[in-house]
Amino acid sequence: MSASANSSANTGIELVIGGMTCASCANRIERKLNKLDNVEATVNYATEKAKITIPEGYDPTLLIAEVEKTGYSAVLPPSLSTAIKNSAADSNDSGPDHEFTTLRHRLIGSIILTVPVILLAMIPALQFTYWQWASLALASPVIVWAAWPFHRAAWANLKHGTATMDTLISMGTTAAFLWSLYALFFGSAGTPGMVHPFELTLAPSDGAANIYLEVAAGVTMFILAGRYFEKKSKRQAGAALRALLEMGAKEVSVLRDGAEVKIGIDELKVGDEFVVRPGEKIATDGTVVSGSSAVDASMLTGESVPVEVGVGDPVTGATVNAGGRLVVRAIRIGSDTQLAQMARLVEDAQTGKAEVQRLADRISGVFVPIVIVFAVIVLGAWLGAGFPVSAAFTATVAVLVIACPCALGLATPTALLVGTGRGAQLGILIKGPEVLESTRKVDTVVLDKTGTVTSGKMTLVDVITEPGVDRAEVLALAGALEDASEHPIAQAIAKGATQEVGTLAIPEGFQNIEGKGVQGIVDGRAVLVGRESLLADWSQHLSSEVSAAKAALENDGKTVVAVGWDGAARGILVVADTVKATSAAAIEGFRALGLTPVLLTGDNEAVARRIAAEVGIDQVIAEVLPQEKVDVVTRLQNEGKIVAMVGDGVNDAPALAQADLGLAMGTGTDVAIEASDITLVRGDLLAAVDAIRLSRKTLATIKGNLFWAFAYNVAAIPIAALGLLNPMLAGAAMAFSSVFVVGNSLRLRGFKSVIKK
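Below, the structure is looked at part by part. (Residues numbered from 1 in each chain as written. Predicted model: local features only at pLDDT ≥ 70, side-chain atom pairs only at ≥ 80, totals over all residues. Heavy atoms only, no water.)

## Remarks on unusual backbone geometry
Filter applied, for reference: Runs of H or I in DSSP of at least four residues are treated as helices and runs of E of at least two as strands, each being numbered from the N terminus. Relative accessibility thresholds used throughout: buried, under 20% of the residue-type maximum; exposed, over 50%; partly exposed, between the two (1.4 Å probe, protein chains only).
Look at Asp 523: it is not a glycine, yet its phi comes out positive at around 50°. By the element assignment, Asp 523 lies in the loop between strand 18 (517-522) and strand 19 (525-530). Classification of Asp 523 by relative accessible area gives exposed; the value is 61%. One non-glycine residue, Ser 539, adopts positive backbone phi at about 60°. Looking at where Ser 539 falls in the secondary structure, it is placed in the loop between helix 19 (532-537) and helix 20 (544-555).

Put into structure tokens, the structure is as follows:
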């Protein structure tokens, strides 16, 4: 590829490809597109899409023309908003899918006509006087009409000097049909009362006395059945992405001049204020401007507990208002919303290719021509050894039919489709298939402390009172005063007090003492809350016991606030960044996966050690400046470790990018998410465990699929070449192998999260 193709002026587009029937079709289109100057393309058979990198200003119609020259169709996909609008129509089998409907009609027709042909050929007792001519009448529409897509594709391939799976099917069925016509009209097979038994093994016989109509019709029926169930399964595999698109609201109640107006979601603009009633979906990402409620984000994040929101809080489109009436101002619409970004991430992952798939594509690209040459050799070998034409012909057709590399082409993309789709349902967004390889190799996981292992928010964790002082009174008076302050520590105290004692009083004469604390009148008492020095200024001193407890807590990294009123110190409030409830379980999960957890933080050693001990981490790297985090990851890599990094802040982005596997908390910053390989929509560290488990399971499924596909072809071709496999059974086995691979991939839909709902 030229240098310009890698430049920053490049852009990525997608094409929806039509007419592909196997992995070698995808491989052929990919090779053609990559021959164009400054174009880099990957074509995915399972998603039926081409992901293409082109220079800025490149005309996409040139790409479409190139695909059409290759014998396939190509169109630009609909915009995301159109996809969201139309997703419901496409999400079930009754949707406008002409190709799928036609395939079903061909399959039904071939079953009705083929079953009698197979029964007549297999059961001599049913072979009445002119049974062979009845078989011809029944089988001809199957071989000509039902198998027409195979013949059409084979002809298109021939014109372009290439061969695909369709070439093998068309050659096999056509050869069986033409030989049967020859035997009926020019040989002895058309004689009234002709009988021949159905045999799995071959014996020398007169070739002109045998017909193969059941083979030609049976192979067509079985392969159509395989294609039908494969396509149906692929639609199921893509259901997670469709479900993601369907989550969005279709209509929204916008406030216009104080009145509510119902409009379509496409008409909503940034800055519009809209109403969300209890039970309704929030139309788009925005900020609450009035009202308070609990928002159920479980569809988007997998988090089952609703989140309380009020004025000024951000809300995400597609989440459900579970409580009161909200008025929300739209801040992101259309393709900028979190839902749209999630859908784009999932689609990118499904369209990309893992390294294992590239190997399968290379093999399938050369497999078909090799099989055709091998089939010719088999034919020559049987004839040269003195066997009758019928025996040689049967073995050759069986080789052509059994060799179709359909399962090989489906092995990777179907597992990717299902795995990444299931991940999206659990709030795990895998950015690309290459990420799967990284999860297998990782042996060390570096965890940022604040916002990842801990909540990242200050919380009231303890109250220590002077002798004879009531805890509830300390909380009520201090909480009331702190509620008037905007400081994060003050808000933590106010929130903790509210939870324990209920509604707080409104203070009078509130005053903020710069750098020391706050003072004011609450319920007729002159209250001080802040540093110990603030109380000392008013001759209020903590007792030696409480003062010692304060010193010990501060050494442990906690923040301590003193409280006093009416001339005496009354106690202390302890505030700290608390460990998330699931962090300890997540650390156990990492260890179970064979990963060594490392805690990385800019906090002091004492705080870091306390948090590490609480969750069960042995290795701690503390007092690291933000810009030094990437150096820590590099150092670990230089020691031979394969490093995963979990973080959420802007300062984590370089380290996430440097790590072999970057996992960003979706509750974190956009910069961190952009730099990561996997985004965890929920802010739960157990989701990181799920992400690695799911990625490894998807990779294992891909490898299992590839083993089955390879083993199947390697084992079956020699059996067919030795004449031990009837072509009709070969067709059934080939169709089953494809369905098996897709079915094996669909097992990933049952992947269970370790997070308890």
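## Brief notes about the side chain of Thr 701
Rules: The criterion used for residue contact is that any of the two residues' heavy atoms lie within 4.5 Å.
Of note, Thr 701 is situated in helix 26 (residues 686-721). We classify Thr 701 as buried; its relative accessible area is 9%. Leave out the neighbours within four places in its chain, and Thr 701 touches Ala 415, Asn 744, Ser 745 and Leu 748.

## Comments concerning the nonpolar core
Where a protein is soluble and globular, its nonpolar side chains tend to be buried together. The test is simple: What makes a nonpolar core is a set of buried Ala, Val, Leu, Ile, Met, Phe, Trp, Tyr and Cys residues whose side-chain atoms join them at distances within 4.5 Å.
One finds Leu 447, Phe 590, Leu 663, Ile 678, Leu 680 and Leu 685 to be the most contacted residues of the largest nonpolar core, which totals 40 residues. Secondary-structure elements contributing two or more residues to this core are strand 14 (428-430), strand 15 (444-448), helix 21 (583-592), helix 22 (605-615), strand 24 (643-647), strand 25 (661-665), strand 26 (678-680) and helix 26. Residue contributions to this core peak at seven residues, all from helix 26. In this structure, Leu 103, Ile 211, Leu 224 and Phe 393 belong to the second largest nonpolar core, which totals 34 residues.

## Some remarks on helix 4 (residues 98-122)
Heads up, the condition is: Any helix carries an expected span of 1.5 Å times its number of residues minus one. The bend reported for a residue corresponds to the angle between axes fitted to the seven residues ending at that residue and the seven starting there.
Taking 1.5 Å of rise per residue, the 25 residues of helix 4 would be expected to cover 36 Å, and the 35 Å separating its terminal C-alpha atoms lies within 8% of that figure. Approximately 30° is the largest bend angle found in helix 4, and it occurs at Thr 114, with the proline Pro 116 only one to four residues beyond. All of the buried residues in helix 4 are Phe 100, Leu 103, Arg 106, Leu 107, Gly 109, Ser 110, Thr 114, Val 117, Ile 118, Leu 120 and Ala 121.

## A few points about the sheet that holds strand 2 (residues 40-44)
Put simply, the rule reads: In this description, strands pair whenever DSSP reports at least two bridges between them. Helix axes are fitted to C-alpha atoms over the stretch in contact, other axes to C-alpha atoms as well, and angles between N-to-C directions run from 0 to 180 degrees.
Sheet architecture is open: four strands sit in the order 2-3-1-4, paired in antiparallel fashion. Each edge of the sheet is formed by a strand with only one pairing partner; in this case those strands are strand 2 and strand 4 (73-75). The sheet shows a mean angle of 30° between the axes of neighbouring strands, taken without regard to direction. Relative to strand 3 (residues 49-55), strand 1 (residues 10-18) runs antiparallel, the two sharing seven bridges.

## A few points about the pattern of salt bridges
The test is simple: Definition used for salt bridges: Asp or Glu carboxyl oxygen within 4 Å of a side-chain nitrogen of Lys or Arg.
On inspection of all chains with the given rule, the structure shows 20 salt bridges. Note that Lys 641 and Glu 639 form a salt bridge whose closest N and O atoms lie 3.4 Å from each other. Overlapping salt bridges bring together Glu 260, Arg 277 and Arg 325 as one network.

## Describing the sheet that holds strand 24
With mixed pairing, the seven strands of this open sheet are ordered in space as 14-26-25-24-15-22-23. In this open sheet, the two edge strands, each paired with only one partner strand, are strand 14 and strand 23 (619-621). Shown here is a sheet whose adjacent strand axes are inclined to one another by a mean of 20°, direction ignored. Here strand 24 pairs with strand 25 via four bridges, running parallel. In the sheet register, Met 645 faces strand 25, and the bridge partner there is Gly 662.

## As for the packing of helix 15 (residues 434-441) against helix 26
Put simply, the rule is: Note that the term roughly parallel is reserved for angles under 35 degrees, roughly antiparallel for angles over 145, roughly perpendicular for angles of 65 to 115, and oblique for everything else. Ten residue types, Ala, Val, Leu, Ile, Met, Phe, Trp, Tyr, Cys and Pro, are classed as nonpolar, four, Asp, Glu, Lys and Arg, as charged, and the remainder, Gly among them, as polar.
Put simply, helix 15 and helix 26 touch, their axes get as near as 8 Å, and they point 110° apart. Regarding the angle of helix 15 to helix 26, the classification is roughly perpendicular. Packed against helix 15, whose contacting residues are Leu 436, Glu 437, Thr 439 and Arg 440, the element helix 26 presents Ile 692, Ser 695, Arg 696, Thr 698, Leu 699, Ile 702 and Lys 703 at the interface. Grouping the constituent residues of the contact of helix 15 with helix 26 by class yields four nonpolar, three polar and four charged.

## Quick word on the packing of aromatic side chains
The following threshold applies: Pairs were defined over the aromatic rings of Phe, Tyr and Trp, the Trp ring being its six-membered one, requiring ring centres within 6.5 Å. Orientation was assigned from the angle between planes: stacked under 30 degrees, edge-to-face over 60, tilted for the rest.
The full count for this structure, using the stated rule, is five aromatic pairs. Where Trp 133 meets Phe 185, the ring centres are 5.3 Å apart and the plane angle is 75°; that geometry is what we call edge-to-face. With Trp 133 in helix 5 (residues 131-146) and Phe 185 in helix 7 (residues 165-185), this residue pair connects regions lying 52 residues apart in the sequence. Classification of Trp 133 as partly exposed rests on a relative accessible area of 28%. Overall, Phe 185 belongs to the exposed group, its relative accessible area being 52%.

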